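So the chains spell out like this:
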Amino acid sequence: MNSTLSPGKTNGPDSRCIYFEDIQFFSPNIDMSSWNKTEANKYFHVLENNSTDCFTVVNVSIPTNREGILCVTDSITSEQLICFPLNEIKNLSKGSDTATANYVLLTHGTSSSNNEATDPSSEEPLNMYLTHILRCPTYHGTLRIIDVIRRIITEETGSTATISGVWEPQSVTEDDGSNVNFTPVPKEKSELFKMRKSTAKRLFVGVSQLDGHVYLPINGILDVCLGFGRYLSDSELTYLGGEENVTRGEASSNSLSGTSFSTWVTWPSNHNQFSMFDVIGSRDECIFFTVVVRLLIHRLEEPLSLRRICRARVYKTDEIFWLSLDRKPVIEDYTIKLTESIDENGNLHSGKIQKIFNVTAFHPEHNQSIVPSVVNQAEGKF
């Protein structure tokens with residue numbers, strides 16, 4: 001389907017766009033302008049359960065003002081398939097369950113300049129609505145498209161910087177005496193570990209991206225670092241590796257494989273820096289240690305570092321702890337602010353991360369946010 005409109009033609013001074021690449025596109029010959037979410041979701045299930053080649057891989061450009069033109073072009077041939085004013089959108093909805101979460105339904109009216117159908121008796125354009133189905137590679141992409149269109153139509157203002165959530169659970173395990181099995185170390189408080197001296201330990205770290213409008217493309221865990229104390233510089237950390245034990249989360253239709261990772265490293269018990277973990281302190285005495293996980297982000301040269309300060313209290317080797325003590329991992333929430341690539345015409349390319357300029361840690365147990373003293377600022381390679 002070709003249109004007489006063009007992406008550069010707008011009714012306002014701002015002709016910039018936000019680009020989404022490699023979206024699957026299909027235009028059924030059905031007027032769904034009055035469909036509710038339940039009806040739309042049933043149709044998504046029909047498409048999902050019936051293998052079909054009706055979808056075309058396209059690029060979608062969404063204007064940054066409501067009078068601008070939304071365009072869909074073939075990602076291979078660059079042929080323009082459809083374009084229409086953004087303010088003609090009547091129905092915009094997404095799938096409501098796991099199987100259809102990547103689907104977007106979009107219906108719009110046909111303006112007089114873009115309507116070839118006429119009423120023979122009056123030769124006036126018919127009041128028609130066209131329907132388009134988008135299937136995004138990730139659930140994050142679906143949320144992003146819905147959010148962008150709704151904000152622009154309602155003329156909400158916002159920064160071009162986007163935010164993605166990542167959390168880092170960590171736990172420490174100790175040898176149970178068999179030299180084979182390791183059991184989780186209990187905690188007195190949410191981040192205060194109760195450790196036995198002179199006992200082999202392992203440190204487990206996991207990273208998972210929360211639901212958000214931006215997918216942070218994590219290629220893997222570079223390494224895990226550990227340091228005695230808090231507020232440490234990189235030179236004060238001991239690098240323990242960890243890449244060889246990385247386990248990646250399973251990919252699904254709703255997320256990419258780069259959304260979750262976990263790994264473990266051997267606690268450096270014989271390192272001079274950690275000799276304090278073999279010294280039994282007083283009842284109220286505890287020591288601090290810092291855990292840092294460094295992530296490899298697609299297109300960025302420098303790794304992204306996430307850090308967590310914890311405490312430990314050291315007990316004798318044969319100390320017995322109550323089984324009812326908390327043994328769950330320590331969880332840290334992070335808010336990552338980033339920018340995406342903007343071309344010479346001012347168009348933003350969704351998903352092409354250019355820079356991470358702020359990482360904020362949030363401690364749920366204290367209900368407070370802390371900005372780490374070391375923040376990665378990495379330029380992207382394009």
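Just above, that's the structure.
Nothing here was measured: the structure is a model prediction, and the numbers come from that model. (Residues numbered from 1 in each chain as written. Predicted model: local features only at pLDDT ≥ 70, side-chain atom pairs only at ≥ 80, totals over all residues. Heavy atoms only, no water.)

Asks: Could you give me a rundown of the overall build of the protein chain, with the residues and numbers involved?
Replies: Each helix and strand counted, the protein chain has two helices and 22 strands in total. Per-residue burial over the protein chain gives 47% buried out of 382 residues. A separation threshold of at least 6 residues defines the contact pool for the protein chain, and within that pool the share at least 24 residues apart is 68%. Carbon and sulfur atoms form 48% of the exposed surface of the protein chain, whose accessible area is close to 19100 Å². (Helix = DSSP H or I, 4+ residues; strand = E, 2+ residues; numbered from the N terminus. Buried < 20%, exposed > 50% of the residue type's maximum accessible area, 1.4 Å probe, protein only. Contact = heavy atoms within 4.5 Å. Areas by Shrake-Rupley, 256 points an atom, 1.4 Å probe, with all protein chains shown as cover.)

Asks: I'd love a proper account of the pairing of strand E9 (residues 170-175), names of residues and values included.
Replies: Burial analysis of E9 places six of its six residues in the buried class, which makes it a mostly covered element. Pairing analysis gives five bridges linking E9 to strand E13 (residues 201-209), with the strands arranged antiparallel. Bridge pairing in E13 links Glu174 to Lys201. Two strands pair when backbone bridges link them, and E9 and strand E10 (residues 182-184) are joined in this way by three bridges, in the antiparallel orientation. (Pairing = 2+ DSSP bridges.)

Asks: So what about the environment of Ile23? Which residues, and what values?
Replies: Structurally, the position occupied by Ile23 is in strand E1 (residues 17-26). For the pair Ile23 and Asp74, spaced 51 residues apart in the sequence, the C-alpha separation amounts to 9.6 Å. Those residues within four positions of Ile23 in sequence are excluded, and the remaining contacts are Thr56, Val57, Val58, Val60, Leu134, Arg135, Cys136, Pro137 and Ile145.

Asks: Quick rundown of the pattern of salt bridges? Include the residues and the values.
Replies: Following the criterion strictly, the structure yields ten salt bridges and no others. Where Glu174 meets Lys201, a salt bridge forms, and the shortest distance between an N and an O atom there is 3.7 Å. Placement of Glu174 in strand E9 and of Lys201 in strand E13 is noted, with a sequence separation of 27 residues between them. Close ionic contact of Arg311 with Glu191 constitutes a salt bridge, the shortest N to O distance being 3.0 Å. With Arg311 in strand E19 (residues 304-315) and Glu191 in the loop between strand E11 (187-189) and strand E12 (192-196), this pair connects stretches of sequence that are 120 residues apart. (Salt bridge = Lys/Arg side-chain N within 4 Å of Asp/Glu carboxyl O.)

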